[in-house]
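# Chains, contacts and geometry: an overview
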Amino acid sequence: MEVTININGEPVTREIEPALLLVHFIRDTPGLTGTHWGCDTSNCGACVVQMDGLPVKSCTVLAAMAEGHEIRTIEALSIDGVLDPVQQGFHEEHGLQCGFCTPGMIMTARALLDANPDPTEDEIRTAISGAICRCTGYSNIVRAVRWAAEHEAAQPRRS
Amino acid sequence: MATTTAASPETPIGYGRMKRKEDARFIRGQGKYLDDIVLPGMLHGAVLRSPYAHAKIVSIETSAALAHPKVLRVITAKDLETLGLAWMPTISYDSQAVLAGDKVRFQGQEVAFVIAEDRYSARDALELIEVEYEPLPAVVNARKALEADAPLIRDDKDGQTDNLASPLWEAGDAEEADQVFAEADIVVEREMIYPRCHPAPLETCGMIADMNPETGQLDLYNGNQAPNAHRTVYAQVAGLPEHMIRIMTNDIGGGFGNKVPVYPGYVCAIVGSIVTGKPVKWVEDRSENLMSTGFARDYVMHGRICAKHGRITGVRVDVIADHGAFDSTAQPSKFPAGFFHIFTGSYDLEAAHCSVKAVYTNKAPGGVAYRCSFRVTEAIYLVERLVGELALKMEVDGAELRMNSFIRPEQFPYENKTGWTYDSGDYEKTMREAMRIAGYDELRREQAEKRERGELMGIGVAFFTEVVGAGPRRHMDILGLGMADGADLRVHDDGRAVLSISAQTQGQAHETTFAQIVAEELGISPDKIEVRHGDTDRTPFGLGTYGSRSTPVSGASAAVAARRARDKARLIAAGMLETSPEDLAWEKGRWYVKGDPEKAATIDEIAAAAYGEAPLPEGLEGGLEGQSVYDPPNLTYPCGAYICVVDVDPGTAEVEVRRFIAVDDCGVRINPMIVDGQIMGGLAEGVGIALMEVITFDEQGNCLNGSMMDYLIPTALECPDWELGATVTPCPHHPIGAKGVGESATNGSPPAIVNAVCDALYRSHGVAHIDMPLNPARVWAAMQGRAEPPQ
Amino acid sequence: MIAGGHSLLPMMKLRLANPELVVDINDLEHLAYIREQDSEIRIGALTRHYQLLESEPLARHFPIFADAERVIADPVVRNRGTIGGSLAQADAAEDLSAVCSALKASVVIAGGGGERVVSMEDFHVGPYTTAIDDAELLVEIRIPVRPGAGSAHAKVERRAGDWAIVAVAGGLWLDGETIADAGLALSAVGLTTVHATRAEELLRGKRPSEELFAEAGAIASEDCSPSPDGRGPVDYKRHLAGELTKRALRRAAERARAGTTPGGHTWR
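Counting of residues starts from 1 at the beginning of each chain's written sequence and follows it residue by residue. Whichever chain is written first becomes A and whichever ligand is written first becomes 1, with later ones labelled in order. Under the rules for a predicted model, residues below a pLDDT of 70 receive no local features and side-chain atom pairs below 80 are neither given nor counted, while totals for whole chains, interfaces and linings still include all residues. Excluded from the side-chain calculations are hydrogens and water; all other atoms, namely the structure's heavy atoms, are used.

## Some words on the overall build of chain C
- For the purposes of this entry, the term helix denotes a DSSP run of H or I that reaches at least four residues, the term strand denotes a run of E that reaches at least two, and both are numbered from the N terminus. When you go through chain C residue by residue, the secondary structure sums to eleven helices and eleven strands.
- Every radius of gyration here is taken over C-alpha atoms, with the globule rule written as 2.2 Å times N^0.38, N being the number of residues. Taken over the C-alpha trace, chain C has a radius of gyration of 18 Å; the compact-globule value for 268 residues is 18 Å, and the two agree within 12%.
- In terms of overall dimensions, chain C has C-alpha extents of about 55 × 45 × 35 Å along its principal axes.
- Relative accessibility decides the category of a residue: with a 1.4 Å probe and only protein chains considered, values under 20% of the type maximum give buried, values over 50% give exposed, and everything between is partly exposed. Counting every position in chain C, which comprises 268 residues, the buried fraction comes to 59%.
- Residue contacts are defined here by distance: any two heavy atoms, one from each residue, within 4.5 Å place the two residues in contact. Across chain C, the fraction of contacts at a sequence separation of at least 24, relative to all contacts at a separation of at least 6, is 62%.
- Residue exposure ignores everything except the shown protein chains as possible cover, and the areas themselves are Shrake-Rupley values with a 1.4 Å probe. Of the roughly 10300 Å² of accessible surface on chain C, a fraction of 50% belongs to carbon and sulfur atoms.
- The positive count covers Lys and Arg only, the negative count covers Asp and Glu only, and His and the chain ends enter neither. Taken as the charge location is NZ of Lys, CZ of Arg, CG of Asp or CD of Glu. Put simply, chain C has 30 plus and 38 minus side-chain charges, and the middle of one group is 4 Å from the middle of the other.

This is how it looks when you write it as structure tokens:
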């Protein structure tokens, strides 16, 4: 079957097997390998992308189900080479080590801040609780998201 | 983006808390992990695995799979036999089937390998292979494996008549221990199991093999922790010239020891590329990772501890090590139990003794992975759990009992009762720092008040001494390879430098910290130092990253290489300044004339001169380079004091880790931010091991935790905000005084957590021990007086 | 039939399900709503978990939904998963089925021949089996709004986002200091959601008290039939059934006494 999915503002059309998962569509066709795969059972969150603005686990969405929807991946987060405050926060607060969970974490955190610009530590921990990080022990991820919140408050986010 | 900050007083090594250089690609989604790599014409492999834990293979029928329009080849043990590759050696001098031929010995064992045009087709075709099995009785319990009527698992091994994987091995002095225990005031005896768990890095294992049939060059893309050692193994197994194999790791999505071994899937990918003449990619799924690759622990321990006059005087333990179906324990020492005989802990004992025997069971092979320096984790858990129970039964404070029994600072270097030479430490200082951060006395007061109200609060203490940085040639090797690590440093004429190393980051930030080491030694900004790793064609030989050995061995190598470059820079500077080398003194970044500090040559100027047209001093060749192959004179012995505060719900038995205080002494800290990051990650994994992570089997040998739905890993909600502290006792033999740290937290945290839960439940419920994981059901059973080991 | 897909797709990936045809109903956006109508809260089957968690009318009438939703899977999964999918999966460990049972909800099933309304009691026919026929679709959940309501959900799980070891959904409708009606349903302690009718009978007409709730817990604990598994042995699950029944009822009574709860739970 043929599907067209808008990924990062560009329509991507491809003939696919109906069983193809969105995560593989994103990685294979436009070659956006920043979105990762980690578990098969929607437990790990490495594959989180935004679908119409909401974070979803792209390993648990069929590519065919994303037809006509807008997908946003980590690759679209920095604009004109300027990092999103969440990306910058992960760097400033040492919120990553091996980097494998990072894109999913960042996309989840971005959606959190869009809905709740000044989250508490508990709200951040809840928001990222569907994503597993094996390296950081989470504290620095929480700090990274707080860093982003504080720096967005100081400097209103560009649209 | 600013990548450096000024050196702060807390951090003497190369710009201290500088931000990581490698972040730039990861935060943009530009990391390059194995599955991100696509080669032209690449095929995809998938492994068919055994549904049985123990069964004869009667027949394998592959014709239906081969008829699949997108399938090119199906490889079985028969095909491998003709190539002499049906079996491969393990790191522990055992053998392991690449693909099972005669029988399968664990659930998930590799049986066939399908090569197809795409990933989905390869997996679809697995279901078209028909294997007829004749099930055999399975044994998954280490003790039962030793019983006379247990099914024989390794009938492939000549002369093997039982399930012993290695003969009884002992360390320490049994007679001395008999005497010390006989004279003790109190003896505590405890059977405990450190259950099987799994490193489960977020990126699973995989490989792309690309054999060029014309040239015979074999390119391997494979995220492993020891690329140089792997290359040697492939050369030996496949009979290929080592220099014609190139391994490129690129970025690795976590390792934790899971990416040390050579797995059958890797060999299958290589064979697949050889037989098809095309690149073959194989990436395992999560279930394959959990069910077939290197697990951790699985130690059944019978421990005893004794005390006299309020001091710990002796520890002894008898161990049955469960190695699974093949002994592929990834450990390099000449001791069958790795470094387990560091179980003497941080205490100045009068006697110690251990005996260890290893068994085969119908479970996946592996062992020692998961942030562990070769069984140190089991050893520390044993001794700290014994000390915890001893304190409960002596009705003394656990921190006090430990401080009464510590090796004292003036006793270092300290020879323990099993033959290790501890390098340095000031244990009481470290312990007191943790108690200060915790507000220990206040916590004990709070606990007393809560007890009055029937609330269950526990305070757990653990103090560990690790032994990391393997290791001196005389004690250890991997398949005959000495455990040295190389470092090649070249300072270019523009003052920039490239350091090539054999250590392999999986997130530890070598690109940053190794640049900092060179920066410290040469005074070049870390921004101007590129660290190369992960490509056997571009890096020196060395044994890689595991067992917390990067900083102790490879880091030392980098420092020595930089010092050699600095020594040569001195000779060049002497020529430039028209004086003798002896008249020059060094300060970070320049050689200057003693007594005339204005007269100097900076490292930039010296580098330019090294490659320039002006003549160099007589006998001196051009270039500014340093090389080292570092064979460590001893291991390093980092230590730490951990305090855990838990609340146990009296009605549901749920355990909440409310606070966790970790004070680590890993010697000099190169980049304290990165050191803290390593510790926090290890603490989260420790919470996982203590409370939820476990691999169990039913009686038929079916793995019950084969997906992340049942192999539970802590999320941000189970982890407290870690409270860290540090003491710094430099390592006396390391060039910059550093010790390893990557695995400390997974060592210290499980016993601290279990001690805390027992501290909460001992007085009210008489619970002195619960085997991990301390999930609600197991804690509740213990509260009913029915604690049982996990199965 | 696929909506959120968080049950079906993992099963397909683990090759436990291999459907020949999958129908994506996510475009039926008119089935995503929560509204008050005819003394009922009506929830469209395609309403996502996060919408249930954030709903103001639900928080006001039935805070039990927010209790349950906070511990169903994780926030990202809750952005996709739907109430219709949860109920139609008929997994005994699932939380919303117990919530709907305790609230005496009914469901609307639509087919070629029109719509029919089925009580939760009759909806779950057996494990993973419902009253929905092949050519039918679950379209709506209806919960009667009655005065004096208080509700709460209590769950013990091995880790955030895991399925329940045991979970209990409790609803109380107070008339002054008398329990006019009670609803009690348990997750993960039987082949289907366990509707604790005997305990409900005990509660009706009595004054709320710790002793009464303990007694209801003891009955619920007897009336369920848990199986041993990786989450725990039978005796622990029975113990939890009792303990959590007590906790859910205690909380429900507090809420009923306090009247309606203002506001929704904002961030998921």
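## Some details on the domain arrangement of chain B
Residues and elements named next belong to chain B.
- Assigned domains of chain B: these are domain 1 (34-136 + 204-252 + 259-292), domain 2 (378-470 + 635-783) and domain 3 (484-630).
- Throughout the structure description, domain borders are defined by an automatic or database domain assignment. Measuring from the centre of the C-alpha atoms in domain 2 to the corresponding centre in domain 3 gives 39 Å.
- Tallying the contact residues gives 18 residues for domain 2 and 21 residues for domain 3.
- Taken as a group, I670, I674 and P735 account for 35% of the area that domain 2 buries against domain 3, more than any other trio of residues on that side.
- When a carboxyl oxygen of Asp or Glu lies within 4 Å of a side-chain nitrogen of Lys or Arg, that pair is called a salt bridge. Counting every contact that joins domain 2 to domain 3 gives zero salt bridges.
- Within 3.5 Å is the distance limit for a polar contact, defined as a pair of N or O atoms, with the added protein rule that one can donate a hydrogen and the other accept it, and that residues adjacent in sequence qualify only through two side-chain atoms. The tally of links between domain 2 and domain 3 comes to eight residue pairs in polar contact (both at pLDDT 80 or more).
- Any residue that is not Ala, Val, Leu, Ile, Met, Phe, Trp, Tyr, Cys, Pro, Asp, Glu, Lys or Arg is counted as polar, Gly included; the first ten are nonpolar and the last four charged. Looking at side-chain class alone, the side of domain 2 that touches domain 3 contains eight nonpolar, eight polar and two charged residues. The term buried area denotes the loss of accessible surface (1.4 Å probe radius) that occurs when two parts are joined, taken as the sum for both partners.

## A few points about the domain arrangement of chain C
All names here are of chain C.
- The domain architecture assigned to chain C consists of domain 1 (32-144) and domain 2 (149-258).
- Between the C-alpha centres of domain 1 and domain 2 there is a distance of 19 Å.
- Every contact between the two is made by 24 residues of domain 1 and, on the other side, 31 residues of domain 2.
- Summed over the three residues of domain 1 that lose the most area to domain 2, namely D67, A92 and K104, the buried surface amounts to 25% of that side.
- Taken together, the connections running from domain 1 to domain 2 amount to three salt bridges.
- Between K155 and D95 there is a salt bridge; the shortest N-O distance is 2.7 Å.

## What to know about the interface of chain A and chain C
- Contacts between the two partners involve 28 residues from chain A and, on the opposite side, 23 residues from chain C.
- For the pairing of chain A and chain C, the buried interface totals around 2100 Å² over both sides, and the portion due to carbon and sulfur atoms is 68%.
- Three residues stand out in chain A for area buried against chain C, namely L54(A), T60(A) and M65(A), and they jointly supply 27% of the buried area on that side.
- Run the count over chain A and chain C and you get one salt bridge.
- The closest approach of N and O atoms between D74(C) and K57(A), which form a salt bridge, is 2.7 Å.

## Thoughts on the sheet that holds strand β23 (residues 485-491) of chain B
Residue and element names in this part refer to chain B.
- Should DSSP find at least two bridges between two strands, the strands are taken to pair. With respect to topology, four strands assemble into an open sheet ordered β25-β24-β23-β29, the strand pairing being mixed. Unpaired on one side and paired on the other, β25 (529-532) and β29 (625-630) mark the two borders of the sheet. Strand-to-strand twist of the sheet, defined as the mean angle between neighbouring strand axes without regard to direction, takes the value 15°.
- Across four bridges, strand β24 (residues 497-501) lies against β25 in parallel orientation. Its bridge partner being in β25, S500 is matched across the sheet by R532. Axis lines are fitted through C-alpha atoms, for helices just across the contact stretch, and the angle between N-to-C directions can take any value from 0 to 180 degrees.

## Quick look at the packing of aromatic side chains
- Note on ring pairs: Phe, Tyr and Trp rings are taken, using the six-membered ring of Trp, and paired if centres are within 6.5 Å. Classes follow the plane angle, with under 30 degrees stacked, over 60 edge-to-face and the rest tilted. All told, the structure shown has 27 aromatic pairs over all chains when counted by the stated rule.
- Members of the aromatic cluster, connected to one another through ring pairs, are W169(B), F335(B), F339(B), F374(B), W420(B) and Y546(B).
- Geometry around Y360(B) places R154(B) over its ring, the cationic atom sitting 5.0 Å from the centre.
- A cation over a ring is seen here: R146(C) above W173(C), with NZ or CZ 4.1 Å from the ring centre. Only Lys NZ and Arg CZ are tested; either one counts as a charge over a ring when it is within 6 Å of the ring centre and within 35 degrees of the ring normal.

## What to know about the interface of chain B and chain A
- Of the residues lining the interface, 55 residues belong to chain B; the matching set on chain A comes to 50 residues.
- The largest per-residue losses of area from chain B upon contact with chain A belong to I27(B), Y120(B) and L202(B), which jointly make up 18% of the total buried on that side.
- The salt bridge involving D28(A) is made with R119(B); its shortest N-O contact spans 3.1 Å.
- Between chain B and chain A we count 26 residue pairs in polar contact (both at pLDDT 80 or more) in total.
- Elements with a contribution of two residues or more to the side of chain B that touches chain A: α1 (23-26), α4 (119-126) and α17 (672-691) of chain B.
- Among the elements that take part in the side of chain B that touches chain A, α17(B) stands out by supplying eight residues, more than any other.
- Here the side of chain B that touches chain A is composed, by residue class, of 27 nonpolar, 13 polar and 15 charged.

## A closer look at the confidence of the model for chain C
Residues and elements named next belong to chain C.
- Per-residue confidence from the prediction method is given by pLDDT, with values spanning 0 to 100. Mean pLDDT over chain C stands at 94; residues scoring 70 or higher make up 97%.
- Predicted confidence is poor over residues 261-268, with pLDDT under 50, and the contacts of this stretch with residues over four places away or in other chains come to 28 contacts.
- Two summary scores accompany this predicted model of the complex, namely pTM at 0.97 and ipTM at 0.98.

## Focus: the environment of I129(B)
Residues and elements named next belong to chain B.
- Mapped onto the elements of the fold, I129 is located in the loop between α4 and β8 (130-135).
- Residues I129 and L48, spaced 81 residues apart in sequence, show a C-alpha to C-alpha distance of 8.2 Å.
- Apart from the residues within four sequence positions on either side, I129 is in contact with L48, I60, E61, T62, A65, V74, A112 and V114.

## With respect to empty space enclosed by the protein
All names here are of chain B.
- Grid points spaced at 1 Å and placed over the protein atoms alone form the basis of the search, with a cavity being a set where a 1.4 Å probe fits but cannot get out and a pocket an open set showing protein on both sides within 12 Å along at least five of seven lines. Lining residues have an atom within 4 Å of a point. Grid points are joined across faces, edges and corners, and a volume is the space filled by probe spheres set on the points. One pass over the full model with this rule turns up eleven cavities of 30 Å³ or more.
- Of the voids in this model, the largest cavity is the one considered here, and its volume is about 480 Å³.
- Around the largest cavity, the lining is made up of 35 residues, and of these Q508, S550, Q678, V741 and G742 lie nearest the centre.
- Of all the elements in the fold, those that place two or more residues in the lining of the largest cavity are α14 (510-522), α15 (550-576) and α17.
- Looking at the lining of the largest cavity residue by residue, the class counts come to twelve nonpolar, 18 polar and five charged.
- Residue assignment places the lining of the largest cavity across two domains, with domain 2 (378-470 + 635-783) and domain 3 (484-630) each supplying three or more.
- Contributing to the lining of the second largest cavity are 16 residues, with I91, V233, V260, P261 and V262 lying nearest its centre.

## Section: the pattern of salt bridges
- Within the structure shown, the criterion is met by 98 salt bridges over all chains.
- We note a salt bridge from R110(A) to E152(A), for which the minimum N-O separation is 2.4 Å. Taken together, the positions of R110(A) in helix α3 (residues 102-115) and E152(A) in helix α5 (residues 139-154) put the pair 42 residues apart, joining distant regions of the chain. Like R110(A), the residue E152(A) is buried in the burial classification.
- A salt bridge links R231(C) to D162(C), with the nearest nitrogen and oxygen atoms 2.9 Å apart. Of this pair, R231(C) sits in the loop between α10 (210-223) and α11 (234-258) while D162(C) sits in the loop between β8 (149-157) and β9 (164-175); the two residues are 69 residues apart in sequence, bridging distant segments of the chain.

## Examining the layout of surface pockets
- In this model, the second largest pocket occupies a volume close to 1300 Å³.
- Of the residues contributing to the lining of the second largest pocket, the split by class is 17 nonpolar, seven polar and 20 charged.

## Points about α15(B)
All names here are of chain B.
- A helix is expected to span 1.5 Å multiplied by its residue count minus one. For α15, built from 27 residues, the straight-helix expectation of 39 Å at 1.5 Å per residue is met to within 8% by its first-to-last C-alpha distance of 37 Å.
- Along α15, 19 of the 27 residues are buried, which leaves the element largely enclosed by surrounding structure.
- At the exit of α15 stands E578, carrying a positive phi of roughly 50°.

## What to know about the sheet that holds strand β16 (residues 311-322) of chain B
Residues and elements named next belong to chain B.
- Strand order in the open sheet formed by five strands is β9-β17-β16-β15-β10, with mixed pairing between adjacent strands. With one partner strand each, in any of the chains shown, β9 (164-172) and β10 (186-194) form the two edges of the open sheet. Across the sheet, the axes of successive neighbouring strands diverge by a mean angle of 10°, strand direction being ignored.
- Note: β16 against strand β17 (residues 351-359), nine bridges, orientation parallel.

## A word on the side chain of R255(C)
Residue and element names in this part refer to chain C.
- On the secondary structure map, R255 appears in helix α11.
- The exposure class assigned to R255 is buried, which follows from its relative accessible area of 14%.
- With residues near it in sequence (within four places) discarded, R255 still touches P63, I64, D67, A149, G150, S151 and A152.

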